[in-house]
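Secondary and tertiary structure notes
Residue-level listing of the chains:
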There are 2 protein chains.
Amino acid sequence: MNSSPAYSNGYHPQQQQHGMRDKVRRGTRARSRELRESFSSGGNFGGLRVSEHDKQQQQQQQQGAPCTDFDMAYFHSYAHVGIHEEMIKDRVRTETYRTAIMQHQSSIAGKVVVDVGCGTGILSIFCAQAGAKRVYAVDASDIAVQANEVVKANNLSETIIVLHGRVEDVDIDEEVDVIISEWMGYMLLYESMLGSVITARDRWLKPGGLILPSSATLYMAPITHSDRYSESIDFWRNVYGIDMSAMLPLAKQCAFEEPCVETIVGENVLTWPHVVKQVDCHTITLHELESVTTNYKFKSMMRGLSLSPSPPSHICGCVSVQVYIFQFFGLIIVITTYF
Amino acid sequence: MNSSPAYSNGYHPQQQQHGMRDKVRRGTRARSRELRESFSSGGNFGGLRVSEHDKQQQQQQQQGAPCTDFDMAYFHSYAHVGIHEEMIKDRVRTETYRTAIMQHQSSIAGKVVVDVGCGTGILSIFCAQAGAKRVYAVDASDIAVQANEVVKANNLSETIIVLHGRVEDVDIDEEVDVIISEWMGYMLLYESMLGSVITARDRWLKPGGLILPSSATLYMAPITHSDRYSESIDFWRNVYGIDMSAMLPLAKQCAFEEPCVETIVGENVLTWPHVVKQVDCHTITLHELESVTTNYKFKSMMRGLSLSPSPPSHICGCVSVQVYIFQFFGLIIVITTYF
């Protein structure tokens, strides 16, 4: 899992080559054109307050590393309202943030907050409701334009300052007391957005300041999932009476080479989880995120075997190793975050 | 809806820029590399029988128009097993084809068949089961390699000849009696695969030969869908107690700018459907597919109004016109095919 967090992310166009029958989700083309133009003039946003963004765009000097095509496509993907609707409708996620903000109200009231990757601005508004003196809501995606409208419509323009740009590029002329961000992606680090939180921390956070969430842990454990295996793999053994077992190798390869997000029960988990990476948001560095490697050993409950492939593998590499040797369906990745 | 069916299709990379949280489906990278290499050496496959494909690739002469990047990404998307699993598991689709093949058994038994875009080869095998003398199973996607394995595993190599290439490029040295294809995409024509059926027809079909399906009709009608409207649009009026109505314009724009495949009931349909395009697979030409335009007039059951935007619009343009004027949720697109 390699990334240069300052100017890269988990977006890979090749992974976006969906079958034509997959549901298509895309951002607004007109906005995306503006986005491209803003990037092409200097390679970064310049980090302007939304209201100033358009007219002063040309005058900006480059600060952070230039945006890559990956960054542009990544930010573009977040300009679509659907992904924000989906995240906000995740009540566990959104209410956990709101609860955490209220639990830390004494550290937020009257203080300066930065919301890294603010999206529609909902976490910034929660912080304003908790009494923040000022909230800098930063997002490089064009959704920042909408966030600014939401802030205005809620008469919070005096408290919440929406900055349309990357944390590497925007200017905040004061130290901040609190950083809040919903940066966790697939396998915790997939989107590499943690790099933006680190950048914000190192640029603006006061010593002893609060970061929400403050830490995160990535676990993995092998699982079995006989229903899914049967649906996706064994399915090919008899297709309308035809033996399509010849499809099995490709079916296994496709099933195991990409992440799958679904609900399983405890009985599916075959071993105690292995800690792949512990993240302390106060101390982790960009350098630590460039490569995440783990040595692991699972004690199988199925056969009493010890599973420890060598050489040590990147976590992305483990899945296929597990699957082909032990016929597990795959690995479960568990993320815990601590507020 | 423009396309140059001989060497283009409905794939548009911009539409593939999904949020990072969307489930990723992709083909196998190794195969995709081979695919690119095969394209780069001459711009087409040369249309080889799978067993000969690798060793003779370099010796091929270009026949059809060169493949575009869109074509390559389109074919690549069909190299993933998941899309074939999804299509085959659509029992209405697959069993309708099998029933149609058996109903036309008298026209297939002892005859020569071409399966355009054979995928895993299931329709070719149905035709073999119906007694076809020979079936040419053609697919430009790397799934053709799997189809060939399935054919071999079912001892049908003498009957089914898998050709890995585009119908524009492959060689079939005899006239055929039957063309079968599952070419219908979103809004019937989205994938532009009908162009390949036309090409196959004009290259190889005997006069009076059978095409399955033989015709198709694209209808549209305005619908209302209050639940969906409420979930996607009204949702923003009160988000955890916050007025996010400022999101409404973008929410409407995003909801209406992309296709949505879901089940609705008859009560959702507001008018009698309008016939956008009738396709007779025996007579339609590539030229007819370059642009599909319709003049339409709906009689609203809601207000007794006649809706007829002018100037006449491409069907892709109707949705927003309808939506913004009449606050319908959108248009339903109905496709009927006749075997």
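In this report, the structure presented in the accompanying data block is examined. (Residues numbered from 1 in each chain as written. Chains lettered and ligands numbered in written order. Predicted model: local features only at pLDDT ≥ 70, side-chain atom pairs only at ≥ 80, totals over all residues. Heavy atoms only, no water.)

Quick notes on the overall build of chain A
Selection rule: Numbered from the N terminus, helices here are DSSP runs of H or I no shorter than four residues, and strands are runs of E no shorter than two. Burial status follows relative accessibility: with a 1.4 Å probe on protein chains alone, a residue under 20% of its type maximum counts as buried, one over 50% as exposed, and anything between as partly exposed. Contact criterion: two residues are considered in contact whenever any of their non-hydrogen atoms come within 4.5 Å of each other. Surface exposure here means Shrake-Rupley accessible area, sampled with a 1.4 Å probe, where a residue is shielded only by the protein chains that are shown.
In terms of regular secondary structure, chain A is built from twelve helices and 13 strands. Out of the 339 residues in chain A, the part that is buried amounts to 58%. If you take every contact in chain A between residues at least 6 apart in sequence, the share linking residues at least 24 apart comes to 73%. Total accessible area computed for chain A in this model is approximately 14100 Å², and 50% of it derives from carbon and sulfur atoms.

Section: the packing of aromatic side chains
Keep this limit in mind: Any two of the Phe, Tyr and Trp rings considered here, Trp counted by its six-membered ring, make a pair once their centres fall within 6.5 Å; the pair's planes then place it as stacked at under 30 degrees, edge-to-face at over 60, or tilted in between. Criterion for a charge above a ring: Lys NZ or Arg CZ within 6 Å of the ring centre, and within 35 degrees of the ring normal.
Per the stated rule, a full pass over the model turns up four aromatic pairs over all chains. With centroids separated by 4.9 Å and ring planes inclined at 70°, the aromatic side chains of Phe235(B) and Trp236(B) adopt a geometry described as edge-to-face. Trp236(B) matches Phe235(B) in its accessibility class, with the two residues each being buried. The ring centre of Phe235(B) lies 4.7 Å from the NZ or CZ of Lys89(A), which sits over that ring.

Considerations on the environment of Tyr186(B)
Residue and element names in this part refer to chain B. Within the secondary structure, Tyr186 is located in the loop between β5 (176-181) and α9 (194-204). Take Tyr186: its relative accessible area is 17%, and that puts it in the buried class. For the pair Tyr186 and Val261, spaced 75 residues apart in sequence, the C-alpha to C-alpha distance is 8.8 Å.

Some words on the pairing of strand β5 (residues 176-181) of chain A
Along any regular strand, the residues point their side chains to alternate faces of the sheet. Residues and elements named next belong to chain A. The following threshold applies: When DSSP finds two or more bridges between two strands, those strands count as paired. We call a crossover right-handed when, viewed with both strands directed away from the observer, the connection leading from the first strand over the helix to the second proceeds clockwise.
The element β5 is extensively covered by neighbouring structure, given that six of its six residues are classed as buried. Two elements, strand β2 (residues 112-116) and β5, share four bridges in a ladder whose sense is parallel. Bridging from a neighbouring strand, Val113 pairs with Val178 of β5. Where β5 meets strand β6 (residues 205-212), four bridges bridge the pair, whose relative direction is parallel. Each bridged residue has a counterpart across the sheet, and for Ile179 the counterpart in β6 is Ile211. Handedness of the crossover joining β5 and β6 through helix α9 (residues 194-204) is recorded here as right-handed.

Notes on helix α8 (residues 143-153) of chain B
Residue pairs three or four apart in sequence face the same way in an α-helix, which turns once every 3.6 residues. All buried positions along α8(B) are accounted for by Ile143(B), Ala144(B), Gln146(B), Ala147(B), Asn148(B), Val150(B) and Val151(B). Phi turns positive one or two residues past the end of α8(B), at Asn155(B), with a value near 55°.

Here's the deal with the environment of Phe298(B)
Residue and element names in this part refer to chain B. Within the secondary structure layout, Phe298 lies in strand β10 (residues 298-299). By relative accessible area, which is 2% here, Phe298 ends up buried. A C-alpha to C-alpha distance of 8.1 Å links Phe298 and Pro222, two positions 76 residues apart in sequence.

Quick look at the packing of helix α5 (residues 91-103) of chain A against helix α7 (residues 122-129) of chain A
Angle between the axes and distance between the axes: these two values describe a pair of packed helices. All names here are of chain A. How we decide: All axes are obtained by fitting lines to C-alpha atoms, using only the stretch in contact for helices, and the reported angles, taken between N-to-C directions, cover 0 to 180 degrees. Any angle that is under 35 degrees is reported as roughly parallel, and any over 145 degrees as roughly antiparallel; angles of 65 to 115 degrees are reported as roughly perpendicular and all others as oblique. By definition, any crossing whose near helix is turned counterclockwise from its far helix by less than a right angle is left-handed, and any crossing with a clockwise turn is right-handed. Each residue gets one of three labels, nonpolar for Ala, Val, Leu, Ile, Met, Phe, Trp, Tyr, Cys and Pro, charged for Asp, Glu, Lys and Arg, and polar for the others, Gly among them.
Contact pair α5 / α7: the axes reach a minimum separation of 9 Å and the direction vectors enclose 30°. Put simply, α5 runs roughly parallel to α7. The chirality of how α5 crosses α7 is right-handed. Facing Thr94, Tyr97, Arg98, Ile101 and Met102 of α5, the residues of α7 in contact are Ile122, Leu123, Phe126, Cys127 and Gln129. Taken together, the residues of the contact of α5 with α7 sort by class into seven nonpolar, two polar and one charged.

Looking at unusual backbone geometry
Here Leu212(A) and Pro213(A) are connected by a cis peptide whose omega angle stands at -5°. Within the secondary structure, Pro213(A) sits in the loop between β6 and β7 (215-223). The phi dihedral of Asn155(A) falls on the positive side, at around 55°, and the residue is not glycine. You can see Asn155(A) is positioned in the loop between α8 (143-153) and β4 (160-164). The phi dihedral of Tyr240(B) is positive, around 50°, even though this residue is not glycine. Take Tyr240(B): it is sitting in the loop between α10 (226-232) and α11 (248-256). The class of Tyr240(B) is buried, set by a relative accessible area of 13%.

Notes on α5(A)
Residues and elements named next belong to chain A. We count it as follows: To estimate the expected span of a helix, count its residues, drop one, and scale the result by 1.5 Å. Within this analysis, the arc is defined by the directions that extend from the helix axis to the C-beta atoms.
Taking 1.5 Å per residue as the helical rise, α5 with its 13 residues ought to reach 18 Å, and the 17 Å between its terminal C-alpha atoms agrees with that figure. When α5 is considered as a whole, its buried residues turn out to be Arg93, Thr94, Tyr97, Ala100 and Ile101. Taken down its axis, α5 places every buried residue within 130° of arc, on the same side. Facing away from the buried side of α5 by over 90 degrees, the exposed positions are Val92 and Gln103.

A few points about the packing of helix α4 (residues 81-89) of chain B against helix α5 (residues 91-103) of chain B
Residue and element names in this part refer to chain B. Running from N to C, α4 and α5 point in directions that differ by 70°, and their axes come no closer than 5 Å. Taken as axis vectors, α4 and α5 run roughly perpendicular relative to one another. On α5, the residues that touch Met87, Ile88 and Lys89 of α4 are Arg91, Arg93 and Thr94. Per-class residue counts for the contact of α4 with α5 are two nonpolar, one polar and three charged.

Some details on the pairing of strand β3 (residues 134-139) of chain B
Residues and elements named next belong to chain B. Among the six residues of β3, five are classified as buried, and the element is accordingly described as predominantly covered. Taken together, the five bridges between strand β2 (residues 112-116) and β3 define a ladder with parallel strand orientation. In the sheet register, Val114 faces β3, and the bridge partner there is Tyr136. You can see the chain leave β2, run along helix α7 (residues 122-129) and come back into β3, and the turn it takes is right-handed. Read as a crossover between parallel neighbours, the route from β3 over α8 to strand β4 (residues 160-164) is right-handed.

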